[in-house]
Amino acid sequence: MSHEALMSSIGGMVTGVCFLVVGALMVKTGSPGLIHSYHIAQIPKKRIPFVSRIIGLGTTLTGTGFVLAGIISFVSETPVSASATFIMPLILIFAGLGISLLTIAVFTFRPWS
């Protein structure tokens, strides 16, 4: 296995585990502690745990994509940036980011929602 492929797989898995832990904590607790205060300033207090859980779900999906990319990189001995086999992890990463960012945008700029 090349050094680049090994570092790519380790980097993907470590990054993914970090995202997974943060996302799982947000989904489980509904705590907004990891969300910037200005993102939740306009949200009614009773909806904050719901919003935190949705953002946590997006973060968990992102982490899953990174871990999957790391596993594929390790098994195929290919750097993450060098193969079309990373389409599924990229879809998960961007879907997770999209869920998190859209949730923040909708609930920050539409406080009545």
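Keep in mind it's a predicted model, so treat the numbers as computed, not measured.

(A) Layout of the packing of aromatic side chains. Enumeration over the complete set of coordinates arrives at 2 aromatic pairs. Aromatic pair Phe-19 and Phe-66: ring centres 5.6 Å apart, planes at 35°, arrangement tilted. Highlighted residues: Phe-19 in helix α1 (residues 3-29) and Phe-66 in helix α3 (residues 48-76), separated in sequence by 47 residues. On the basis of relative accessible area, Phe-19 is assigned to the partly exposed category, the value being 31%. Look at Phe-50 and Phe-107: their rings are 6.2 Å apart centre to centre, the planes differ by 75°, and that puts the pair in the edge-to-face class. Pair noted here: Phe-50 is in helix α3 and Phe-107 is in helix α4 (residues 87-109), with a separation of 57 residues, a long-range link. On the accessibility criterion, Phe-107 (11% relative accessible area) is buried.

(B) Fine view of a nonpolar patch on the surface. Together, Leu-6, Met-7, Ile-10, Val-14, Ile-71, Phe-74 and Val-75 give the surface a local cluster of nonpolar side chains, amounting to about 620 Å² of exposed area. Of all the elements in the fold, those that place two or more residues in the nonpolar patch are α1 and α3. Top element by residues in the nonpolar patch is α1. It accounts for 4 residues. As for its placement among the helices and strands, Leu-6 is situated in helix α1.

Definitions and limits used
- Residues numbered from 1 in each chain as written.
- Predicted model: local features only at pLDDT ≥ 70, side-chain atom pairs only at ≥ 80, totals over all residues.
- Heavy atoms only, no water.
- Phe/Tyr/Trp six-rings, centres within 6.5 Å; stacked < 30°, edge-to-face > 60°.
- Helix = DSSP H or I, 4+ residues; strand = E, 2+ residues; numbered from the N terminus.
- Buried < 20%, exposed > 50% of the residue type's maximum accessible area, 1.4 Å probe, protein only.
- Patch = residues over 30% accessible without salt bridge, like charges linked within 9 Å, V, L, I, M, F, W, Y side chains within 5 Å.
- Areas by Shrake-Rupley, 256 points an atom, 1.4 Å probe, with all protein chains shown as cover.
- Salt bridge = Lys/Arg side-chain N within 4 Å of Asp/Glu carboxyl O.

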